[in-house]
Amino acid sequence: MVAVWTQDQLSLEIEKVLEANYHHKHPFNIKMHEGQLSPTQLQGWVANRFYYQQMIPVKDCILMSKMPAHYRRMWIARVIYHDGPEPDQGGLEAWLALGDAVGVERHKMLSNTMLLPGVKFATDAYVDFARDKPWIEGVASSLTEMFAHRIMKIRTIAFEQHYPWVSSEGLAYFRSRNRQANIESDNALEILSEVVTTREQQVKVLDAVRFKCQVLWALLDAVEKEYA
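Residues numbered from 1 in each chain as written. Predicted model: local features only at pLDDT ≥ 70, side-chain atom pairs only at ≥ 80, totals over all residues. Heavy atoms only, no water.

Enquirer: Can you break down the overall build of the chain residue by residue, with the values?
Expert: For the chain, the helix and strand inventory stands at 11 helices and 0 strands. Each helix and strand of the chain, ordered N terminal to C terminal, gives the series α-α-α-α-α-α-α-α-α-α-α. Against the 2.2 N^0.38 benchmark of 17 Å for 228 residues, the chain shows a C-alpha radius of gyration of 17 Å, consistent with a compact globule. Taken along its principal axes, the extent of the C-alpha atoms in the chain is 55 × 35 × 30 Å. The buried share among the 228 residues of the chain stands at 50%. (Helix = DSSP H or I, 4+ residues; strand = E, 2+ residues; numbered from the N terminus. Rg over C-alpha atoms; globule rule 2.2 N^0.38 Å. Buried < 20%, exposed > 50% of the residue type's maximum accessible area, 1.4 Å probe, protein only.)

Here's what the structure looks like:
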């Protein structure tokens, strides 16, 4: 019988998957953080990533529809974070402010006028994953947040140094995710520590994290190809 990893060992295995597959190594992100992107490239990324941002709370609502009630009470904070507790608040509004800051008109963001087929395909595949897979694997897929705070720190500094034409107010989303991603990843790990009890389930956790990395990578592939 294969031994079950301890929680610390599982976290270490997840970090190995992220180190090898997370999109911090994607050439487009590397160029962004080195200040090599043009305004048009930044605009294309911001506009396309907004579709992904819009679908995250949709994905989370799908997960909550399958969770036991006591986990729904924990998870619902993610939906409120993105959609906002009130109109004109929340993560989506902060991303719209980023669009304003880089020069993408708000109506283009909200109507997804600039959305690329490849970005839509990758994002929709993530929503489908949450719908079709057991909710535990959907929770596991969110663990890319374990690395998100690292990339947000780098990104915030990069924008301040290399893209001074982007207003500081437009970087509010990056700053908020730097804090929120840690909270959310700890929350997901807490849930998984209670429901993942076999090595088979732990392997599926790793597979879910790997799949989410592929979604993020494919999204950037589409943007890079269009705006190269």
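Enquirer: Just give me the short version of unusual backbone geometry, but keep the residues and values in it.
Expert: Backbone geometry follows two general trends: most residues other than glycine have a negative phi, and most peptide bonds adopt the trans configuration. One non-glycine residue, aspartate 88, adopts positive backbone phi at about 65 degrees. With respect to the helices, strands and loops of the structure, aspartate 88 is situated in the loop between helix H4 (69-83) and helix H5 (91-102). Here aspartate 88 falls in the exposed class, since its relative accessible area comes to 64%. The phi torsion at asparagine 112 lies on the positive side, around 55 degrees, for a residue other than glycine. Mapped onto the secondary structure, asparagine 112 falls in the loop between helix H6 (106-111) and helix H7 (117-132).

Enquirer: Pulling in residues and values, what's your account of the side chain of histidine 82?
Expert: Within the secondary structure, histidine 82 sits in helix H4. Apart from residues no more than four positions distant in its own chain, histidine 82 is found in contact with Gln53, Ile56, Pro57, Gly90, Gly91, Leu92, Tyr173 and Arg177. (Contact = heavy atoms within 4.5 Å.)

Enquirer: Just give me the short version of the nonpolar core, but keep the residues and values in it.
Expert: Ile14 and Trp45 are the most contacted members of the largest nonpolar core, which totals 73 residues. A per-element tally of this core places helix H11 (residues 199-227) first, with 12 residues. If sequence neighbours within four positions are ignored, tryptophan 45 has contacts with Phe28, Met32, Trp95, Leu98, Arg155, Phe159, Phe174, Leu220 and Val223. (Core = buried A, V, L, I, M, F, W, Y, C linked by side-chain atoms within 4.5 Å.)

Enquirer: I'd like a rundown of helix H3 (residues 39-64), residues and numbers included.
Expert: A rise of 1.5 Å per residue sets the reference length of H3, with its 26 residues, at 38 Å; its end C-alpha atoms lie 38 Å apart and thus fit the reference within 8%. Remark: the principal bend of H3, roughly 25 degrees, maps to methionine 55, with a proline, proline 57, within the next four residues. (Expected span 1.5 Å × (residues − 1). Bend = angle between axes of the 7 residues up to and from the residue.)

Enquirer: So what about helix H10 (residues 172-195)? Which residues, and what values?
Expert: The end-to-end C-alpha distance of H10 is 35 Å, a good match for the 34 Å that 24 residues give at a rise of 1.5 Å each. For H10, the principal kink sits at asparagine 178 and spans about 35 degrees.

Enquirer: Just give me the short version of the environment of alanine 3, but keep the residues and values in it.
Expert: By the element assignment, alanine 3 lies in the segment before helix H1 (7-21). Residue class for alanine 3 comes out exposed when judged on its relative accessible area of 52%. Residues alanine 3 and arginine 199 lie 196 residues apart in sequence; the distance between their C-alpha atoms is 6.7 Å.

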